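A structural walkthrough
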Amino acid sequence: MKNCRVLITKQCNFDCSYCLMKDEATAATFIPIKFDEFVKIIQNYESFGITGGEPTICRYFLTKMLTTIRGCSDKPMFLYTNGTLVETIPEYALKCLSGINIGVHQGIDWEKVARLQAIVPVRLHIHKDSVTDEIRQKCLEIGATIKEFEYGQCDTVEEDRWFVD
Ligand code: SF4
């Protein structure tokens, strides 16, 4: 069984210069598939990463995706988001997740992180040069965790990549 990364939109409400989705070769690694076809293969996977672009800008489709996957599989499922619109997603859909990964691009809304952490574990993705002792302490207090990253760095896990619409 493999990991599965699910792209649900290439669009985003941010425009980061370092966005991997601006690299056509990276975007092309996600193979287009219709939702109904994707549903048939959900049980082939041992974990799911739901990503974009910014997946929360498609809140109805994201809600449908999260609840459908959880209806077919009890495997770990994580959302990758910039966090700005994540509270527009219904709580019952967020509760389908094993964790939310929030990319920190423009500061941290700690009240929001605490509210989300009460629903599902939060991990902040922060550039390694931006992680401070204050951020570490705040995460400790809230119960959130940190993953440090470098620009242009990609996780090299074996996974199938689908662009589902
Ligand atoms: S927030 Fe993420 S997906 Fe959106 S432009 Fe920035 S790097 Fe790309």
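Cut-offs used in this document
Residues numbered from 1 in each chain as written. Predicted model: local features only at pLDDT ≥ 70, side-chain atom pairs only at ≥ 80, totals over all residues. Helix = DSSP H or I, 4+ residues; strand = E, 2+ residues; numbered from the N terminus. Rg over C-alpha atoms; globule rule 2.2 N^0.38 Å. Buried ≥ 20, exposed ≤ 12 C-beta atoms within 10 Å, placed from the backbone. Contact = placed C-beta atoms within 7 Å. Near = placed C-beta within 6 Å. Nonpolar A, V, L, I, M, F, W, Y, C, P; charged D, E, K, R; others polar. Core = buried A, V, L, I, M, F, W, Y, C linked by C-beta atoms within 7 Å. Pairing = 2+ DSSP bridges. Axes fitted to C-alpha atoms, helices over the stretch in contact; angles between N-to-C directions.

To continue, consider the overall build of the protein. Counting secondary structure elements, the protein contains six helices and eight strands. On C-alpha atoms alone, the protein measures out to a radius of gyration of 15 Å, which is about the 15 Å that the 2.2 N^0.38 rule sets for 165 residues. C-alpha atoms of the protein, sized along the principal axes, occupy 45 × 35 × 30 Å. Out of the 165 residues belonging to the protein, those deemed buried represent 24%. Within the protein, counting contacts between residues at least 6 apart in sequence, those at least 24 apart form 68% of the total.

Let us now look at the environment of T68. Here T68 shows up in helix α3 (residues 59-72). Note on T68: 15 C-beta atoms within 10 Å, which makes it partly exposed. In sequence terms T68 and A144 are 76 residues apart; their C-alpha atoms lie 26 Å from each other.

A few words now on the site of the ligand. Around the ligand sit C12, F14, D15, C16, C19, M21, G52, G53, E54, N82, G103 and H105, and those are all the residues in its vicinity. Of the residues assigned to the shell around the ligand, the class counts are five nonpolar, five polar and two charged.

Core analysis: the biggest nonpolar cluster contains 28 residues, and V6 and I50 have the highest contact counts within it. Taken together, the elements giving at least two residues each to this core come down to β1 (2-7), β3 (45-51), α3, β4 (77-81), β5 (99-103), α5 (110-117) and β6 (122-127). By residue number, the principal contributor to this core is α3, which donates four residues. Ignoring sequence-local partners within four residues, the contact set of V6 consists of F48, G49, I50, T51, M65, W162 and V164.

The next point concerns unusual backbone geometry. Residue G53 is bonded to the preceding G52 through a cis peptide linkage, with omega at 25 degrees. By the secondary structure assignment, G53 is in the loop between β3 and α3.

Of note, Q117 is situated in helix α5. With 17 C-beta atoms packed within 10 Å, Q117 lands in the partly exposed category. It is 7.3 Å that separates the C-alpha atoms of Q117 and I142, two residues lying 25 residues apart in sequence. If sequence neighbours within four positions are ignored, Q117 has contacts with V122, I142, G143 and A144.

Sheets are built from strands paired through backbone hydrogen bonds, the pairs being either parallel or antiparallel. Read across the open sheet, the eight strands follow the order β2-β8-β1-β3-β4-β5-β6-β7; overall the sheet is parallel. Every interior strand has two partners, whereas the edge strands, β2 (31-33) and β7 (145-149), have only one. On average, adjacent strands in this sheet sit at an angle of 25 degrees to one another, irrespective of strand direction. In this sheet, β7 lies alongside β6 in parallel orientation, the contact comprising five bridges. What sits directly across from R123, in β7, is T145. Each of β1, β3 and β4 is contacted by α3, which is oriented at about 175 degrees to β3, the strand it contacts most.

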